[in-house]
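# Examining the three-dimensional arrangement
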Amino acid sequence: MSVPYDLLKNTPNGHLPASARVPAIARPFVSERALKTLDIVEKFVEEECIPADAVFTRQIGETPVERFEAHPSIIEDLKTKAKQLGIWNMFLPKNHFTEGAGFSNLEYGLMAEYLGKSITASEATNCAAPDTGNMEVLAKYGTEAQKRKWLDPLLEGKIRSAFLMTEPQVASSDATNIEMSIRREGNEYVLNGQKWWSSGAGDLRCKIYIVLGKTDPNNTNKYAQQSVVLVPNDTPGITIHRMLSVMGFDDAPHGHGHISFDNVRVPAENMVLGEGKGFEIIQGRLGPGRIHHAMRSVGAAEKALEWFLARLNDPRKTPFGEQLHKHGIMIERVAKSRIEIDAARLMVLNAAIKIDESNAKGALKEIAEVKVLVPTMNLTVIDRAIQAYGGAGVCQDTPLAQMYALGRTMRIVDGPDEVHVLQLGKNENKKGPAHKARIDAQIKRGQELLGQYGIEVSDPLQINRVSGQTSKKSKL
Ligand SMILES: Cc1cc2nc3c(=O)[nH]c(=O)nc-3n(C[C@H](O)[C@H](O)[C@H](O)COP(=O)(O)OP(=O)(O)OC[C@H]3O[C@@H](n4cnc5c(N)ncnc54)[C@H](O)[C@@H]3O)c2cc1C
């Protein structure tokens, strides 16, 4: 691997390199190779990708047609550099896949933070959603033929993909509601139905859809009704009706499609893992992906804080005679942001360590905690930065408005907050009876001790006990 960068001990903006800033709690789990790669990722993002974002946004053009037919050349240039630097496909965890760059979820999580600071960095390193999750599906569940046909070009960054689960006519946060029909006819499957929020479907290089539908809608086990099939996007019967915007941003050329399937026929060998395995596949797909999103959101929050600090220290802006950093309310917001970002990062890294130690199933609680906490933290920090910029904060002159729109979707994508909160709350509540039994035993033992020490209480449960309500017998 040739590294054209002379990695400096200190980065130009004066802070320690990423490897020196890995939280102490995570350090024992991070290899030397990962630390070195982390520094390369940070430098690549800061010095190549963030400046390239400005070119990317201009190269995609102005009109909707231009924007969804664009393939900015700067992306291919960045991909070439990333490959030379050996920062490619870092997302596929080494304990489950041989196809990736050989890092753990934790190690990639640390890198994903930096990718989250730029709109081009994830694609430039072939670590962009939804391709990452789709490649995991193919690597984990695909047949050899499916892998060669679709996984190989995805791993090489030659094509892109989309994951089609959500449907406009049903509440899709409950995947048992999905209605897309997948019917077997001879050696083919026939698909009928519609999907929306199909992210990535706008990209001209998107060649394959991973589609969730129902092969057995009457199965009494509602988790065995679903299946996943691979559908090439040029199959007759597929229509992209429109691209959806996110709070006014079209996210071109990637985009989010509203697509219908009218008697779309694919060969039977396009079934993934087998009929009835759809639920298992989507569950397996979402776990690590949520950690990737979360770490990118931590990176976005860091970037927002950097912009916030830049504004506070802008000597041209002196409301009421002082730069903003002289106004205590702003400094308090800086401190809160620092605390909240650092706390959120620790939670995400902890979840990644738990996944590495077992798998996504073994880290359900930690993943749910992160899924709920991080997007809200990110939005709070971005909001503080927007506020400090005044009017400039909500327009196109800073990246903050678009970051806010993207950050807001993270409370909805991969399952809305409420679903995770409910799951967390219900699981936590299962501990209720055991806690009650322990507390009862402690109260009982406390009463015995009170008797032993000759102390009378008016409230036998001591629920309302305050100083002065106890009476001491002469014994004490
Ligand atoms: C930018 C973006 C990109 C996306 N990319 C993709 C993609 O690539 N592929 C794909 O298939 N989908 C994608 N989605 C869709 C996303 O996963 C769904 O929007 C999400 O799962 C919610 O489903 P829904 O929109 O049908 O909302 P619904 O299921 O109708 O839920 C609406 C609201 O109901 C509430 N709610 C839901 N369940 C509960 C509950 N148990 N208790 C209390 N309240 C509840 C929540 O407030 C929720 O937001 C994307 C969405 C966005 C915004």
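Residues numbered from 1 in each chain as written. Predicted model: local features only at pLDDT ≥ 70, side-chain atom pairs only at ≥ 80, totals over all residues. Heavy atoms only, no water.

We now examine the overall build of the protein. Check the secondary structure of the protein and you find 14 helices and 10 strands. Overall, the C-alpha framework of the protein stretches about 95 × 70 × 45 Å when taken along its three principal axes. Considering the protein as a whole, with its 476 residues, one finds that 50% of them fall into the buried category. Within the protein, residue pairs in contact and separated by at least 24 positions form 70% of the contacts whose partners lie at least 6 positions apart. If you sum the accessible surface of the protein, you get close to 22,900 Å²; carbon and sulfur atoms cover 55% of it. Of the charged side chains in the protein, 59 are positive and 57 negative, and the gap between their average positions amounts to 6 Å. (Helix = DSSP H or I, 4+ residues; strand = E, 2+ residues; numbered from the N terminus. Buried < 20%, exposed > 50% of the residue type's maximum accessible area, 1.4 Å probe, protein only. Contact = heavy atoms within 4.5 Å. Areas by Shrake-Rupley, 256 points an atom, 1.4 Å probe, with all protein chains shown as cover. Lys, Arg positive; Asp, Glu negative; His and termini not counted. Charge placed at Lys NZ, Arg CZ, Asp CG, Glu CD.)

Once that is clear, we can look at the side chain of S337. Turning to its location among the elements, S337 is positioned in helix α9 (residues 328-357). Of the residues examined, S337 reaches a relative accessible area of 0% and is grouped as buried. Within the structure, S337 has its side chain in polar contact with the side chain of R384 (distance 2.9 Å). Not counting chain neighbours up to four residues away, the residues in contact with S337 comprise L305, F308, V381 and R384. (Polar contact = N/O pair within 3.5 Å; in protein donor to acceptor, adjacent residues only side chain to side chain.)

Here we come to the site of the ligand. Inspection of the region around the ligand gives 21 residues, with T166, S173, W197, S199 and E418 positioned closest. Within the contact set of the ligand, an oxygen atom lies 2.5 Å away from a side-chain nitrogen or oxygen of S173. Taking E418, its side chain carries an N or O atom lying 2.7 Å from an oxygen atom of the ligand. When the free accessible area of the ligand is taken as 980 Å², the share hidden by the protein chains comes to 70%. Listed by contribution, the elements that provide at least two residues to the shell around the ligand are β1 (160-164), β3 (188-199) and α13 (417-429). Among the elements that make up the shell around the ligand, the one with the highest residue count is α13 (three residues). For the shell around the ligand, a count of residues per class yields 12 nonpolar, seven polar and two charged. In terms of domain composition, the shell around the ligand takes at least three residues from each of domain 2 (160-272) and domain 3 (284-429). (Near = heavy atom within 4 Å. Nonpolar A, V, L, I, M, F, W, Y, C, P; charged D, E, K, R; others polar. Domains from an automatic or database assignment.)

All right, on to the UniProt feature "domain: Acyl-CoA oxidase/dehydrogenase middle" (unreviewed entry) in the protein then. According to UniProt, the positions carrying the feature "domain: Acyl-CoA oxidase/dehydrogenase middle" (unreviewed entry) are residues 162-264. In this annotation, residues 162-264 is assigned 0% helix and 50% strand; the end-to-end C-alpha distance for the span is 16 Å. (UniProt positions renumbered as here; feature names shortened; annotations may be inferred.)

Our focus in this paragraph is the packing of aromatic side chains. What the rule picks out here adds up to four aromatic pairs. Seen in terms of ring centroids, Y209 and F261 are 6.5 Å apart; in terms of plane orientation they differ by 55°. Their pairing is tilted. Taken as a pair, Y209 in strand β4 (residues 206-214) and F261 in strand β7 (residues 256-267) lie far apart in primary sequence, 52 residues in all. On the accessibility criterion, F261 (3% relative accessible area) is buried. Here the aromatic rings of Y223 and F279 are separated by 4.8 Å at their centres, their planes lie at 80°, and the arrangement is edge-to-face. You can see Y223 sitting in the loop between β4 and β5 (226-232) and its partner F279 sitting in helix α8 (residues 278-312), a full 56 residues away along the chain. (Phe/Tyr/Trp six-rings, centres within 6.5 Å; stacked < 30°, edge-to-face > 60°.)

Two elements in contact, helix α6 (residues 131-141) and α8, have axes whose closest approach is 9 Å; the angle formed by their N-to-C orientations is 135°. Compared by their axis directions, α6 and α8 come out oblique. Handedness of the crossing formed by α6 with α8: right-handed. For the pair α6 and α8, the contacting residues are T132, G133, N134, E136, V137 and Y141 in the first and E280, I281, G284, R285, P288 and H292 in the second. Of the residues that constitute the contact of α6 with α8, the class distribution is four nonpolar, five polar and three charged. (Axes fitted to C-alpha atoms, helices over the stretch in contact; angles between N-to-C directions. Parallel < 35°, antiparallel > 145°, perpendicular 65-115°, else oblique. Left-handed = near helix turned anticlockwise from the far one by under 90°.)

We now examine the domain arrangement of the protein. For the protein, the assigned domains are domain 1 (18-142), domain 2 (160-272), domain 3 (284-429) and domain 4 (435-472). Relative placement of domain 1 and domain 4: their C-alpha centres are 59 Å apart.

Another aspect to go through is the environment of R338. Position of R338 among the secondary structure elements: in helix α9. Note on R338: relative accessible area 31%, which makes it partly exposed. In this structure, the C-alpha to C-alpha distance between R338 and F279, residues 59 residues apart in sequence, is 39 Å. Apart from residues lying up to four places away in sequence, R338 is in contact with E302, L305 and R345.

What follows covers the environment of E107. By secondary structure assignment, the location of E107 is in helix α4 (residues 105-115). A relative accessible area of 2% means that E107 is categorised as buried. In contact with E107, other than residues within four places in its own chain, are F29, V30, S31, A34, K94 and G102. Within the structure, the side chain of E107 is placed 2.9 Å from the backbone nitrogen of S31, a separation counted as a polar contact.

Glancing now at the pattern of salt bridges. Pairing is possible between side chains that carry opposite charge, provided their charged atoms lie close to one another. A complete count under the given rule lists 35 salt bridges for this structure. The closest approach of N and O atoms between E167 and K195, which form a salt bridge, is 2.9 Å. Taken together, the residues E167 in the loop between β1 and β2 (181-185) and K195 in strand β3 connect sequence positions 28 residues apart. Overlapping salt bridges, with partners in common, bring together E76, K79, E123, D131, R160, D203 and R205 in one network. (Salt bridge = Lys/Arg side-chain N within 4 Å of Asp/Glu carboxyl O.)

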